[in-house]
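A structural walkthrough
Below, each chain spelled out in residue letters.
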Amino acid sequence: MTVFYILIAILPIAALAALFARSLKQKSRGVSGKRVLLSNLVAFAMIFATVGVVTFSVSAANTNDAQPVDASESQTQQEETSTTGDLSKGLGLIAAALVTGISGVGGGIAVAAGAPAAIAATSEDSKAFGKALIFVALGESIALYGVVISILILNKI
């Protein structure tokens, strides 16, 4: 079982290195930076989702085992439960960090697109300031939703 946990720890790091090498190769071929970033984000999210599903299914299978009969088996099961709990807590922290980071990037992209348009609309007609401000605030709310979800995840673990 420890080999499984080691594999779970190494797989995302190896995937990140492979995605970095792939992005360099795509950039040398002339693919746009936005397209490379988007494909890497999707691939890395799929890898994390797969690792999370496998880890939680193995954790659930370990917690549903039969109750041990003697004290040494009870101590072994408590150690395994402790390891599983630590793994679940670690994955929860990773999930909270990913939610905050990805929603922050999404909010930044939305504000980067909305703020210049709001400034341009305000410079043409000063009455459009209120409407333009709403669109900029909507883009910023994406990041705030991510922080709220992150807090909910941290309270769950």
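**Regarding the confidence of the model for the protein**
Parts of the model with low pLDDT should not have their predicted coordinates read in detail. Residue-level pLDDT values for the protein average 78, and 78% of them are 70 or greater. Averaged over each element, pLDDT in the protein is lowest for helix 2 (residues 33-63) (74) and highest for helix 4 (residues 129-156) (89).

**Points about the side chain of serine 103**
Topologically, serine 103 is positioned in helix 3 (residues 71-124). Not counting residues within four places of it along the chain, the set of residues in contact with serine 103 comprises Leu98, Ile142, Ala143, Gly146 and Val147.

**A look at the environment of alanine 45**
Tracing the backbone shows alanine 45 in helix 2. Sequence separation between alanine 45 and leucine 98 is 53 residues; the distance between their C-alpha atoms is 9.3 Å.

**Some details on helix 4**
For helix 4, spanning 28 residues, the distance from its first C-alpha to its last is 41 Å, which sits close to the expected 40 Å at 1.5 Å a residue. Within helix 4, the axis deviates most sharply at glutamate 140, by approximately 25°.

**Comments concerning a nonpolar patch on the surface**
Judged by side-chain polarity, Leu38, Val42 and Met46 come together as a nonpolar surface patch covering roughly 310 Å² of accessible area. Summarising the element assignment, leucine 38 is placed in helix 2. What makes leucine 38 exposed here is its relative accessible area of 55%.

**Some points on the environment of phenylalanine 48**
With respect to the helices, strands and loops of the structure, phenylalanine 48 is situated in helix 2. Taking the C-alpha atoms as reference, phenylalanine 48 lies 9.1 Å from leucine 11; in sequence the two are 37 residues apart. Sequence-distant contacts of phenylalanine 48, that is, excluding residues within four places in its chain, are made with Pro12, Ile94 and Leu98.

**Re the side chain of serine 23**
By secondary structure assignment, the location of serine 23 is in helix 1 (residues 2-29). Not counting residues within four places of it along the chain, the set of residues in contact with serine 23 comprises Val36 and Asn40.

**A closer look at the environment of alanine 96**
Checked against the element boundaries, alanine 96 lands in helix 3. On the basis of relative accessibility, which here comes to 4%, the residue alanine 96 falls in the buried class. Setting aside residues up to four positions removed in sequence, alanine 96 forms contacts with Ser150, Ile153 and Leu154.

Cut-offs applied
- Residues numbered from 1 in each chain as written.
- Predicted model: local features only at pLDDT ≥ 70, side-chain atom pairs only at ≥ 80, totals over all residues.
- Heavy atoms only, no water.
- pLDDT = per-residue confidence, 0-100.
- Helix = DSSP H or I, 4+ residues; strand = E, 2+ residues; numbered from the N terminus.
- Contact = heavy atoms within 4.5 Å.
- Expected span 1.5 Å × (residues − 1).
- Bend = angle between axes of the 7 residues up to and from the residue.
- Patch = residues over 30% accessible without salt bridge, like charges linked within 9 Å, V, L, I, M, F, W, Y side chains within 5 Å.
- Areas by Shrake-Rupley, 256 points an atom, 1.4 Å probe, with all protein chains shown as cover.
- Salt bridge = Lys/Arg side-chain N within 4 Å of Asp/Glu carboxyl O.
- Buried < 20%, exposed > 50% of the residue type's maximum accessible area, 1.4 Å probe, protein only.

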